[in-house]
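# Structural overview
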Amino acid sequence: GCGISGLAVGHLGLWSGSFDCSVRLWSWQFECLTVLTGHTNPVRCNAVDRNRLVSGDYRGFVMIWDMEDIAKEMRQFEKNKKKKVELFSLF
């Protein structure tokens, strides 16, 4: 599996870092709202405030994510999710 290696609570929901090298945002209803990629090693930890998310991986690489950029990623993630639902409803 893709075990969770770090958690952080923010105003948008619960952030998880994972051994699959991604950071995910989960709603309070446990729905995945977005997946952030960019790490090439498992994500070890993350911290969040209203302006940014900081994630670090097991090799010491740190990424700083701006909340405005994350909002764009969330909109694109939602769009892609709707496209998949529409595609499956055709069958």
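Figured I'd write up the structure that's included with this text. (Residues numbered from 1 in each chain as written. Predicted model: local features only at pLDDT ≥ 70, side-chain atom pairs only at ≥ 80, totals over all residues. Heavy atoms only, no water.)

The subject of this paragraph is the nonpolar core. One finds Ala-8, Trp-15, Val-23, Leu-25, Leu-33, Leu-36, Val-43, Leu-53, Met-63, Trp-65, Met-67 and Ile-70 forming the largest nonpolar core, which totals twelve residues. Within the residue set of this core, elements represented by two or more residues are β3 (23-26), β4 (32-36), β7 (62-66) and α1 (67-89). The contact partners of Leu-33, leaving out residues within four places of it in the chain, are Leu-12, Leu-25, Trp-26, Ser-27, Met-74 and Phe-77. (Core = buried A, V, L, I, M, F, W, Y, C linked by side-chain atoms within 4.5 Å. Buried < 20%, exposed > 50% of the residue type's maximum accessible area, 1.4 Å probe, protein only. Helix = DSSP H or I, 4+ residues; strand = E, 2+ residues; numbered from the N terminus. Contact = heavy atoms within 4.5 Å.)

The next subject is the pattern of salt bridges. On inspection of all chains with the given rule, the structure shows five salt bridges. Of the charged contacts in the structure, one is a salt bridge between Lys-81 and Glu-78, with a shortest N-O distance of 3.5 Å. Pair noted here: Lys-81 and Glu-78 are both in helix α1, with a separation of three residues, about one helical turn. Each member of the salt-bridge network shares a partner with another, and the members are Glu-31, Glu-78 and Lys-81. (Salt bridge = Lys/Arg side-chain N within 4 Å of Asp/Glu carboxyl O.)

Here we take up the environment of Asp-49. Among the structural elements, Asp-49 can be located in the loop between β5 (43-48) and β6 (52-57). In this structure Asp-49 comes out as partly exposed when scored by relative accessible area, which is 34%. For Asp-49 and His-11, which are 38 residues apart along the polypeptide, the C-alpha to C-alpha distance reads 7.7 Å. Ignoring sequence-local partners within four residues, the contact set of Asp-49 consists of His-11 and Met-67. Of the polar contacts made by the side chain of Asp-49, one reaches the backbone nitrogen of Asn-51; its length is 2.8 Å. At a separation of 2.9 Å, a polar atom in the side chain of Asp-49 contacts the main-chain amide nitrogen of Arg-52. (Polar contact = N/O pair within 3.5 Å; in protein donor to acceptor, adjacent residues only side chain to side chain.)

Inspection of the entire model under this criterion finds one aromatic pair. Between the aromatic rings of Phe-19 and Tyr-58, the centroid separation amounts to 5.8 Å while the plane-to-plane angle is 20°, which identifies the pairing as stacked. A residue pair is termed long-range when its members are at least 10 positions apart, and Phe-19 in the loop between β2 (13-18) and β3 and Tyr-58 in the loop between β6 and β7 qualify at 39 residues. (Phe/Tyr/Trp six-rings, centres within 6.5 Å; stacked < 30°, edge-to-face > 60°.)

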